[in-house]
Amino acid sequence: MNRSVDWQELAQLLLIATGETLYMVFLASLLTLLIGLPLGVLLFVSRKGGLCPMPRLNRLLGGLVNLGRSLPFVVLLIALIPLTRLVVGTTLGSTAAVVPITIGAFPFFARIVENALDEVDKGRIEAILAMGGHIGHVIFKALLPEALPALLAGLTLTLVMLIGFSSMAGVIGGGGLGDLAIRYGYQRFNNQIMLATVLVLVLLVQGVQSCGDRLVRALAHRR
């Protein structure tokens with residue numbers, strides 16, 4: 001039976017759950033950036049015909065990235081429970097949820113980085129190499145600066161995905177808006193809480209997408 005909820009209680013629950021969701025998304029996005037960006041660069045430079053060809057390493061990394069991208073996140077959540085317990089010491093709570101969220105997101109972002117670097121004008125790369133520049137110069141003077149708008153657009157897309165992942169983490173008690181929707185909305189048949197959590201998630205996604213699009217346009221206009 002659907003029961004009404006006190007609006008003050010609802011606001012407090014939403015505030016706490018939103019804070020947990022933002023915490024998970026922020027920490028997971030930071031880890032995803034720290035892992036996915038260098039991994040994407042390595043995938044790009046180590047490919048056949050790349051700046052530093054390492055076909056075997058490239059195939060290995062590419063296979064691992066594809067494996068990570070192919071697994072449904074709900075399955076990944078459950079499969080990584082032992083690893084989460086090993087790393088964090090528990091499988092419950094927002095901090096524990098960051099582990100599977102990050103592992104589910106960084107392969108996706110690594111591919112975005114690789115594709116963004118692939119769009120950089122090869123003439124810039126050749127010019128730096130012709131002037132005696134080494135691979136570090138190419139990466140930090142040409143590849144990353146030239147690909148910055150595409151990288152930012154990819155990061156925005158990844159953040160939106162992370163918000164969705166953080167919601168699904170509620171299935172295993174990960175906290176946040178997803179956990180609120182399941183425990184207080186679905187299990188207690190409270191449509192008000194379900195609707196409120198959906199609304200907050202939509203607003204978060206719209207806010208992230210809007211800010212990301214504006215930054216991308218601003219960078220594109222400066223080029």
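In case you missed it, the structure is sitting above this.
Computed from a predicted model, the values in this text were never measured in an experiment. (Residues numbered from 1 in each chain as written. Predicted model: local features only at pLDDT ≥ 70, side-chain atom pairs only at ≥ 80, totals over all residues. Heavy atoms only, no water.)

### Some thoughts on the packing of helix 1 (residues 7-46) against helix 7 (residues 135-146)
At a minimum axis separation of 13 Å, helix 1 and helix 7 run at an interaxial angle of 110°. It follows that helix 1 is roughly perpendicular to helix 7 by the angle criterion. Crossing of helix 1 against helix 7: the hand is right-handed. Note on element contacts: helix 7 touches helix 1 through Ile135, Ile139, Leu143 and Leu144, opposite Leu37, Val41, Phe44 and Val45. (Axes fitted to C-alpha atoms, helices over the stretch in contact; angles between N-to-C directions. Helix = DSSP H or I, 4+ residues; strand = E, 2+ residues; numbered from the N terminus. Parallel < 35°, antiparallel > 145°, perpendicular 65-115°, else oblique. Left-handed = near helix turned anticlockwise from the far one by under 90°. Contact = heavy atoms within 4.5 Å.)

### Here we look at the packing of helix 7 against helix 8 (residues 148-168)
Contact pair helix 7 / helix 8: the axes reach a minimum separation of 5 Å and the direction vectors enclose 55°. As far as their axial angle goes, helix 8 and helix 7 are oblique. Facing helix 7, whose interface residues are Leu144, Pro145 and Glu146, helix 8 presents Leu148, Pro149 and Leu151. The residue makeup of the contact of helix 7 with helix 8, split by class, is five nonpolar, no polar and one charged. (Nonpolar A, V, L, I, M, F, W, Y, C, P; charged D, E, K, R; others polar.)

### Examining the pattern of salt bridges
Summed over the entire model, instances satisfying the criterion amount to six salt bridges. One salt bridge in this structure joins arginine 47 and glutamate 114, with 3.0 Å as the shortest N-O distance. Here the residue arginine 47 occupies a position in the loop between helix 1 and helix 2 (55-70), and glutamate 114 occupies one in helix 5 (residues 94-118), the gap between them amounting to 67 residues. Among the residues examined, arginine 47 registers a relative accessible area of 22% and is labelled partly exposed. (Salt bridge = Lys/Arg side-chain N within 4 Å of Asp/Glu carboxyl O. Buried < 20%, exposed > 50% of the residue type's maximum accessible area, 1.4 Å probe, protein only.)

### Looking at the nonpolar core
Note that soluble globular proteins tend to have their nonpolar side chains buried in a common cluster. In this structure, Leu14, Ile101, Leu177 and Leu180 are the most contacted members of the largest nonpolar core, which totals 28 residues. Breaking this core down by element, the ones donating at least two residues are helix 1, helix 3 (73-79), helix 5, helix 8, helix 9 (176-186) and helix 10 (191-222). Here the element with the most residues in this core is helix 1; it accounts for seven residues. Setting aside chain neighbours within four positions, we find leucine 177 in contact with Leu14, Ala17, Thr18, Thr21, Thr197, Val200, Leu201 and Leu204. Core analysis: the next-biggest nonpolar cluster, separate from the first, contains 17 residues, Val113, Leu117, Val138 and Ala142 among them. (Core = buried A, V, L, I, M, F, W, Y, C linked by side-chain atoms within 4.5 Å.)

### Considering the side chain of threonine 158
Along the chain, threonine 158 turns up in helix 8. Residue threonine 158 is classed as buried on the basis of its relative accessible area of 1%. Setting aside residues no more than four positions away along its own chain, threonine 158 makes contact with Thr32, Phe108, Phe109 and Ile112.

### Here's the deal with the environment of serine 167
Structurally, the position occupied by serine 167 is in helix 8. A residue is classified by how much of its surface remains accessible, and serine 167, at 18% relative accessible area, is buried. In the structure, serine 167 is positioned 146 residues away from threonine 21 in sequence and 7.6 Å away in space, judged by C-alpha atoms. Beyond its immediate stretch of four places on either side in the chain, serine 167 contacts Gly178 and Leu201. Polar side-chain contacts of serine 167 include one of 3.1 Å to the backbone oxygen of isoleucine 163. (Polar contact = N/O pair within 3.5 Å; in protein donor to acceptor, adjacent residues only side chain to side chain.)

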